[in-house]
Amino acid sequence: MAGIYIHVPFCKQACHYCDFHFSTNLNAKSDLVNALASEIAMQQKYLQGEIVDTIYFGGGTPSLLSEAELATILNQVYKSFQLADDVEITLEANPDDISITKLSEYKNLRINRLSVGIQSFNTDYLKWMNRAHNGEEATRALELCFESGFENITADLIYGIPSDTHLNWQHDLATILKYPIPHISAYNLTIEPQTAFGKWQKNGELNEASNEFSSIQMQMLIETLTAHHFIHYEISNFAKEGHFSKHNTAYWLDKKYLGIGPSAHSYNGISRQANIANNAQYISSIQKNSIPFELELLSESEKANELLLTGLRAIWGVNLAKLFALHSLNFDSFHKTVESYTNKGLTVVENNQLKLTIEGRFFADKIAADLFFD
Ligand code: SF4
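Residues numbered from 1 in each chain as written. Predicted model: local features only at pLDDT ≥ 70, side-chain atom pairs only at ≥ 80, totals over all residues. Heavy atoms only, no water.

A. Main features of the packing of aromatic side chains. Summed over all chains, the structure comprises 15 aromatic pairs. Between the aromatic rings of Phe324 and Phe331, the centroid separation amounts to 4.9 Å while the plane-to-plane angle is 90 degrees, which identifies the pairing as edge-to-face. A relative accessible area of 12% means that Phe331 is categorised as buried. Arranged with centres 5.4 Å apart and planes meeting at 80 degrees, the rings of Phe331 and Phe373 form a pair that is edge-to-face. Of the two residues, Phe331 is situated in the loop between α12 (320-324) and α13 (332-343) and Phe373 in the segment after α14 (364-371); the sequence distance between them amounts to 42 residues. Each residue in the set Phe324, Phe331, Phe334 and Phe373 is aromatic and connected to the rest through ring pairs, giving one cluster. The ring of Tyr78 is capped by Arg110, whose NZ or CZ atom sits 5.0 Å from the centre of that ring. One residue, Lys240, lies across the ring of Phe230, its end atom 4.8 Å from the ring centre. (Phe/Tyr/Trp six-rings, centres within 6.5 Å; stacked < 30°, edge-to-face > 60°. Buried < 20%, exposed > 50% of the residue type's maximum accessible area, 1.4 Å probe, protein only. Helix = DSSP H or I, 4+ residues; strand = E, 2+ residues; numbered from the N terminus. Lys NZ or Arg CZ within 6 Å of the ring centre and 35° of its normal.)

Below, the structure written as structure tokens:
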């Protein structure tokens, strides 16, 4: 089974924390949609005949596309690939775009999973992050989704907002849990240099929340959601039984995926490639029947580091058989570091999989970095 990711590189406005590839100029939307459909046709051999069980519209803001634009893209996917009967089709939607009409269009298109960018229910924080919606629209969007019969819904939340209080974070968690939502992704706010927040930080106008503050909010998140029967299956992801994201799980389990659109990444089991992150150049190249991508040839140490980074974040852990098959690497320091973290109760090896313990999840990035190969 394999996955297809479709990147829709447009947003109404730039959120102050976001470093994804997108443009707020929507003039090229129609050309871009046609280019996406063309790229899908050009890439129909990329997954080597594997059946596609997940299609994911991400971005950017896919909910800016019309029904006809989404249909153009999906119809080309149906023509070019064989789909599983229970294919999961996810669309990222922002609360301010969600309406009864849009939701019924999504149903017509067989979109069966929505990822709603809630981030916070607090209008002041949403404004501060330059989100296009307010707290009221966030709750209204969720209500509309459930009223329209969508059950497979995930929502994104952000914690570690510097001026936040733990009481407000608890309120956000309590608010989301009023809905029968089966999946939640929660991200610690990180400040990236190329963003508005990055510039504020450089000018001394913004300080990132302390590690201690973020750790407390992460602990609140884990305790609250696990008490409500969510499984903490990846550092930032929580799901009820049977509702793990098929799309993200494919990444973590090293399955093949095809990325379509500017800045999208692909992996066919042998090599990785990344499309150019520029809308105009992407469209112009596709119109000349050429996919503008760069091949990423990974050295054995880079492959090992990727296995560590992705594997440690998820409950399945790092497959040590795969890691040790990278014969050019020296594992002496790796074994010592694993032993040291295992003695501290932060990692464990079970059935030849290296995993983080519950305590270890608070130090995931540091542990991965310490295990990395040069
Ligand atoms: S809507 Fe999403 S992709 Fe667009 S700027 Fe905001 S966070 Fe980034």
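Next comes the rest of the description.
B. The arrangement of the site of the ligand in detail. Within the structure, the ligand sits among Cys11, Gln13, Cys15, Tyr17, Cys18, Phe22, Gly59, Gly60, Thr61, Asn94 and Arg131. Here the shell around the ligand is composed, by residue class, of 5 nonpolar, 5 polar and 1 charged. (Near = heavy atom within 4 Å. Nonpolar A, V, L, I, M, F, W, Y, C, P; charged D, E, K, R; others polar.)

C. View of the pattern of salt bridges. Evaluation of the coordinates by the stated rule reveals 11 salt bridges. Salt-bridge contacts for Asp370 lead to Lys366; the nearest nitrogen and oxygen are separated by 2.7 Å. Residue Asp370 and its partner Lys366 are located together in helix α14, separated by 4 residues, close to a single helical turn. (Salt bridge = Lys/Arg side-chain N within 4 Å of Asp/Glu carboxyl O.)

D. Layout of the nonpolar core. Counting 90 residues, the largest nonpolar core has Ile55, Phe57, Leu323 and Phe334 as the members making the most contacts within it. For this core, the element with the most residues is helix α5 (residues 135-147), which contributes 6 residues. The residues contacting Leu323, other than those within four sequence positions of it, are Ala304, Leu307, Leu308, Phe331, Phe334 and Phe373. Within the second largest apolar cluster, 14 residues are counted, among which are Cys15, Tyr17, Phe22 and Ile191. (Core = buried A, V, L, I, M, F, W, Y, C linked by side-chain atoms within 4.5 Å. Contact = heavy atoms within 4.5 Å.)

E. Representation of the pairing of strand β6 (residues 183-188). Across 6 bridges, strand β5 (residues 153-159) lies against β6 in parallel orientation. Within the sheet, the bridge partner assigned to Thr154 lies in β6 and is His183. Relative to strand β8 (residues 237-239), β6 is paired through 3 bridges, and the arrangement is antiparallel. If you follow Ser185 over to β8, its bridge partner there is Asn237. (Pairing = 2+ DSSP bridges.)

F. A nonpolar patch on the surface, seen in detail. Residues Phe293, Leu295 and Leu297 make up a contiguous nonpolar surface patch of roughly 320 Å² in combined accessible area. Leu295 gets classed as partly exposed once you look at its relative accessible area, which sits at 46%. (Patch = residues over 30% accessible without salt bridge, like charges linked within 9 Å, V, L, I, M, F, W, Y side chains within 5 Å. Areas by Shrake-Rupley, 256 points an atom, 1.4 Å probe, with all protein chains shown as cover.)

G. Focus on the environment of Pro262. Structurally, Pro262 is set in the loop between β9 (257-260) and β10 (265-267). Residues in contact with Pro262, not counting those within four places in the same chain, are His7, Pro9, His21, Leu32, Leu36, Asn275, Ile276, Asn278, Asn279 and Tyr282.

H. Structural context of the sheet that holds strand β13 (residues 318-319). Spatial strand order, β13-β15-β14: 3 strands in an open sheet with antiparallel pairing. In this open sheet, the two edge strands, each paired with only one partner strand, are β13 and β14 (347-350). The strands touched by α13 are β14 and β15 (353-356); relative to β14, the strand with the most contacts, the crossing angle is about 110 degrees. (Axes fitted to C-alpha atoms, helices over the stretch in contact; angles between N-to-C directions.)

I. Looking closely at the packing of helix α1 (residues 29-42) against helix α2 (residues 67-80). Where α1 meets α2, the closest approach of the two axes is 9 Å, and the angle between their N-to-C directions is 5 degrees. By the angle between their axes, α1 is roughly parallel relative to α2. Contacts between α1 and α2 involve Lys29, Ser30, Val33, Asn34, Leu36, Ala37, Ile40 and Ala41 on the former and, on the latter, Glu69, Thr72, Ile73, Gln76, Val77 and Ser80. Among the residues making up the contact of α1 with α2, the classes are represented as 7 nonpolar, 5 polar and 2 charged. (Parallel < 35°, antiparallel > 145°, perpendicular 65-115°, else oblique.)

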